[in-house]
Amino acid sequence: MLKGMPAGAADLGRQLAVAVEEMAAWMGEYGGFATHPALEVDPAALEAATASLRSRLRDNYPFHHPRYAGQMLKPPHPAAVIGYLTAMLVNPNNHALDGGPATAAMEKEVVAQLAAMFGFRDAHLGHLTSSGTIANLEALFVARETHPGKAIAHSADAHYTHARMAHVLGVEALGVPTTPSGAMDVGALEALLASGRVGTVVATTGTTGLGAVDPVHEILAIARQHGVRVHVDAAYGGFFRLIADDTPGGVAAAPFAAIAGCDSVVIDPHKHGLQPYGCGAVLFRDPGVAGHYLHDSPYTYFTSDELHLGEISLECSRAGAAAAALWLTLRLLPLTPDGLGSVLRPGRRAALAWAALVEDSDALDLYQPPALDILTYLPARGRLSEVDAASAAVLARGMALPPDESLHLATYTVTGAALAERGHRVEADVANGRVLRSVLMKPEHEAAVPDLHAAVLSLLPDPV
Ligand SMILES: *Cc1c(COP(=O)(O)O)cnc(C)c1O
């Protein structure tokens, strides 16, 4: 059992040894053959090179540890590692059924599970992607095809990928102001839609910076009045659908429930789905959008008339191993409130508990209440330049401590106006400054909250 690996999941080494043995046995069924000497490497050289790799990988931050509460990073679940590596020994390519029927079937199964989680009941079209970026690109590409010549509106706090991909697609992107909760201002959206310029609205359920949740239910109602398409970027927050109905301690239920009525949604299993990088997903409610992807290929799609995933995807080669990893993980932690939901719930509780500690403290202020598991808070100082300096000091001092005492946080840049909107009386002596940000995406964060809070307090510089 590896330190920091969940108990009962696996002893990873043994599982991997079995995987190598069993997949080699399957390969052996095709008969032995002499492997080419060009591929042979000296065992001693392999030892030395892998030792060097392990040593170089020490140059990392401790993503696995509860005292790492910085960015959206954590190691995959051991089940995902086993799934990925087992399939990778074969190396199927999920572009086409010719590239590996087994993992293509697994991909269709996990995509159907994701669709069911979002409430796409009657039908859906979707596939895994290598990232949330590519998944959003695909959704915006379809949006451009269904609403040609029209702009895409997204909140000012939406991921920068939307403006960037709109540029790639040659579509105008318009930022909609946010309210003091960091969510899209629906009144401002309504005024924009009245202009007739917009063809698609992007709603975000869990912004990357603040974890703010746009009111998808209200956005959807307004968009439908104007014949506007709605795409939901749930890359970060999508799996919170599983605990949205919790009382108390849940997250805003209505926006997550409303995703069922939207046109498309993106989710990143490599964020809250316990997967290694290389796993995003895009889902469409109308399977008819497949028509926008139409192409033929003289060198693929020959083994079957069934749908090949490459026929509904902009990416060509994709790791079948990513589908196997997600499939295996969801066998053990299904998309239910008691399955994967129980992995997200402690992080949500951690954010609420830490927010309460911050509110009770004289030395720190809550930037805004957490909507998901991302907490933003600031040193209680009179001027924005002082808030910035104290935040930067906590960040740097925490990372400089010895490994077993170190604290890893992130910062988030805010404007004086954004602070004032949230009721903070901080003099904006500079245009913007950093506050502290913590992503509490590991269930172990819950038990660590008192320790994390005390560590931040101890790292605060004395006020000048
Ligand atoms: C992470 C994220 C993205 C980008 O996804 P990648 O997987 O990093 O490419 C897009 N939107 C939101 C809301 C995200 O959190």
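Residues numbered from 1 in each chain as written. Predicted model: local features only at pLDDT ≥ 70, side-chain atom pairs only at ≥ 80, totals over all residues. Heavy atoms only, no water.

J.: Is there a simple way to explain the packing of helix H12 (residues 341-360) against helix H15 (residues 445-459) in this structure?
T.: Packed helices, taken two at a time, are described by their axes: the angle between them and the distance between them. Relative orientation of the contacting elements H12 and H15 amounts to 30°, with a least axis distance of 9 Å. In terms of orientation, H12 and H15 fall into the roughly parallel class. Two packed elements cross with a definite hand, and for H12 against H15 that hand is right-handed. Counted together, Pro 346, Arg 349, Ala 350, Ala 353, Trp 354, Leu 357 and Val 358 of H12 and His 445, Glu 446, Val 449, Pro 450, Leu 452, His 453 and Val 456 of H15 form the full contact between these two elements. Class assignment for the residues of the contact of H12 with H15 results in ten nonpolar, two polar and two charged. (Axes fitted to C-alpha atoms, helices over the stretch in contact; angles between N-to-C directions. Helix = DSSP H or I, 4+ residues; strand = E, 2+ residues; numbered from the N terminus. Parallel < 35°, antiparallel > 145°, perpendicular 65-115°, else oblique. Left-handed = near helix turned anticlockwise from the far one by under 90°. Contact = heavy atoms within 4.5 Å. Nonpolar A, V, L, I, M, F, W, Y, C, P; charged D, E, K, R; others polar.)

J.: It is not clear to me how the packing of helix H5 (residues 132-146) against helix H6 (residues 161-169) should be interpreted in this structure. Could you clarify?
T.: At a closest axis distance of 10 Å, the pairing of H5 and H6 adopts a crossing angle of 50°. As summarised for this structure, H5 and H6 are arranged oblique, according to the angle between their axes. Read as a crossing pair, H5 and H6 show a hand that is right-handed. Listed contacts from H6 to Thr 133, Asn 136, Leu 137, Leu 140, Phe 141 and Arg 144 of H5 are Thr 161, His 162, Met 165 and Leu 169. Here the contact of H5 with H6 is composed, by residue class, of five nonpolar, four polar and one charged.

J.: What is the right way to look at the side chain of Ser 264 in this model?
T.: When you line up the elements, Ser 264 lands in strand S6 (residues 264-267). Under the relative-accessibility criterion, Ser 264 is labelled buried at 0%. A polar contact of 2.8 Å, which involves the side chain of Ser 264, links it to the side chain of His 231. Apart from residues lying up to four places away in sequence, Ser 264 is in contact with Ala 139, Arg 229, Val 230, His 231, Val 232, Leu 283 and Phe 284. (Buried < 20%, exposed > 50% of the residue type's maximum accessible area, 1.4 Å probe, protein only. Polar contact = N/O pair within 3.5 Å; in protein donor to acceptor, adjacent residues only side chain to side chain.)

J.: Mind showing me how you'd approach the side chain of Gln 275 here?
T.: By the element assignment, Gln 275 lies in the loop between helix H10 (269-272) and strand S7 (280-284). Within the local environment of Gln 275, its side chain forms a polar contact with the side chain of Thr 329, the two groups lying 3.0 Å apart. Beyond its immediate sequence surroundings of up to four residues, Gln 275 is in contact with Pro 76, Ala 80, Pro 269, His 270, Ala 322, Ala 325, Leu 326 and Thr 329.

J.: Even after reading the chapter, I still don't get the layout of surface pockets, so can you show me in this structure?
T.: Gaps between atoms show up when a probe of the same size as a water molecule is rolled over them. Here the second largest pocket is characterised by a volume of approximately 340 Å³. In terms of lining residues, the second largest pocket is bounded by 19 residues, among which Met 23, Thr 86, Ala 87, Met 106 and Ala 324 are the most central. A per-class count over the lining of the second largest pocket returns 13 nonpolar, six polar and no charged. (1 Å grid on protein atoms, 1.4 Å probe; cavity = no way out; pocket = protein on both sides within 12 Å on 5 of 7 lines; lining within 4 Å. Points joined across faces, edges and corners; volume = space filled by probe spheres on them.)

J.: Honestly, the pairing of strand S11 (residues 432-439) in this entry has me stumped. Any pointers?
T.: Consecutive residues of a regular strand have side chains that alternate between opposite faces of the sheet. Counting buried positions over the eight residues of S11 gives six, a clear majority of the element. In this structure, strand S9 (residues 374-379) lies alongside S11, joined through four bridges in antiparallel fashion. Bridge pairing in S11 links Tyr 377 to Leu 436. Bridge count between strand S10 (residues 410-415) and S11: six bridges; the pairing is antiparallel. Bridged to Thr 415 within S11 is Asn 432. (Pairing = 2+ DSSP bridges.)

J.: What is the right way to read unusual backbone geometry from this model?
T.: With the exception of glycine, the majority of residues adopt a negative phi angle, and the majority of peptide bonds are in the trans configuration. A cis amide bond, omega -10°, links Thr 247 with the succeeding residue Pro 248. Secondary-structure assignment places Pro 248 in the loop between strand S5 (229-234) and helix H9 (253-258). In this structure, Asn 91 is a non-glycine residue whose phi angle is positive, near 65°. Position of Asn 91 among the secondary structure elements: in the loop between helix H3 (78-88) and helix H4 (101-118).

J.: What's the story with the sheet that holds S11 in this structure? I'm lost.
T.: Within a sheet, neighbouring strands are paired by backbone hydrogen bonds and run either parallel or antiparallel to one another. Across the sheet, four strands lie side by side as S8-S9-S11-S10; this open sheet has antiparallel pairing. Each edge of the sheet is formed by a strand with only one pairing partner; in this case those strands are strand S8 (364-368) and S10. Sheet twist, expressed as the average angle between the axes of neighbouring strands with direction ignored, equals 45°. Across the sheet, H12 touches S8, S9 and S11, and the angle it forms with S9 is around 15°.

J.: It is not clear to me how the domain arrangement of the protein chain should be interpreted in this structure. Could you clarify?
T.: Quoted interface sizes are often the accessible area lost when the parts come together. Each domain of the protein chain was delimited in the assignment, giving domain 1 (101-293 + 306-332) and domain 2 (341-459). Listed per partner, the contact involves 28 residues of domain 1 and 19 residues of domain 2. Between domain 1 and domain 2 lies a buried interface of about 1900 Å² when both sides are counted; carbon and sulfur atoms form 63% of it. The largest per-residue losses of area from domain 1 upon contact with domain 2 belong to Pro 180, Leu 210 and Tyr 236, which jointly make up 31% of the total buried on that side. Counting across the domain 1 and domain 2 interface gives one salt bridge. Viewed at the interface, domain 2 and domain 1 are joined by seven residue pairs in polar contact (both at pLDDT 80 or more). For the side of domain 1 that touches domain 2, the per-class residue count stands at twelve nonpolar, 13 polar and three charged. (Domains from an automatic or database assignment. Buried area = accessible area lost by both parts, 1.4 Å probe. Salt bridge = Lys/Arg side-chain N within 4 Å of Asp/Glu carboxyl O.)

J.: What should I look at first to understand the pattern of salt bridges in this one?
T.: For the structure on display, the rule yields 14 salt bridges. Across the salt bridge formed by Arg 14 and Asp 11, the nearest N and O atoms sit 3.2 Å from each other. Among the residues examined, Arg 14 registers a relative accessible area of 49% and is labelled partly exposed. Given a relative accessible area of 34%, Asp 11 falls into the partly exposed group. A salt bridge links Asp 263 to Arg 224, with the nearest nitrogen and oxygen atoms 3.2 Å apart. One end of the pair, Asp 263, is in the loop between H9 and S6; the other, Arg 224, is in helix H8 (residues 216-225), with 39 residues separating them in the sequence. Through salt bridges with shared partners, one network takes in Arg 383, Glu 386 and Glu 427.

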